Amino acid sequence: MDKSKAAFFLTVEQLFEREKKVYMWTFTFPDVIPSWWCPGAWNRLYSKLKAWYGKLNGVRVMEWHREHGCHFHVLLNKRLSVHVVRALA
């Protein structure tokens, strides 16, 4: 196992040890956008989520697909309302 995979698994294990519950989300862009734009877009949404929900702990992984662009798989310590997420996005 390479160092980045080991670090990821360690981070996920620590999240599950630290939090009572962990929720998984997949955030997908409606349109294909340039890969360099995805992290900034995620950071803007995550800032809005933190402002709404308070402190969030989690892990995210960006996945790029040539056919439909990027999406993020995210593990979070709080349950989010899909209605709030859509409004903030």
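Keep in mind that this is a model prediction, so the values were computed, not measured.

## Some words on the state of the cysteines
- Applying the stated rule across the entire model yields one disulfide.
- Between the sulfur of cysteine 38 and that of cysteine 70 lies a disulfide, 1.9 Å long from S to S. Between cysteine 38 and cysteine 70, the S-S dihedral sits near -100 degrees, and the bridge is therefore left-handed. Of this pair, cysteine 38 sits in helix α2 (residues 38–53) while cysteine 70 sits in strand β3 (residues 69–76); the two residues are 32 residues apart in sequence, bridging distant segments of the chain. Cysteine 70 matches cysteine 38 in its accessibility class, with the two residues each being buried.

## Details of a nonpolar patch on the surface
- Taken together, the side chains of Met1, Phe8, Phe9 and Val61 make up a nonpolar region of the molecular surface, amounting to roughly 410 Å² of accessible area.
- By the element assignment, valine 61 lies in strand β2 (residues 58–65).
- Relative accessible area serves as the criterion here: at 36%, valine 61 is assigned to the partly exposed category.

What counts, and at which threshold
Residues numbered from 1 in each chain as written. Predicted model: local features only at pLDDT ≥ 70, side-chain atom pairs only at ≥ 80, totals over all residues. Heavy atoms only, no water. Disulfide = S-S within 2.5 Å. Helix = DSSP H or I, 4+ residues; strand = E, 2+ residues; numbered from the N terminus. Buried < 20%, exposed > 50% of the residue type's maximum accessible area, 1.4 Å probe, protein only. Patch = residues over 30% accessible without salt bridge, like charges linked within 9 Å, V, L, I, M, F, W, Y side chains within 5 Å. Areas by Shrake-Rupley, 256 points an atom, 1.4 Å probe, with all protein chains shown as cover. Salt bridge = Lys/Arg side-chain N within 4 Å of Asp/Glu carboxyl O.

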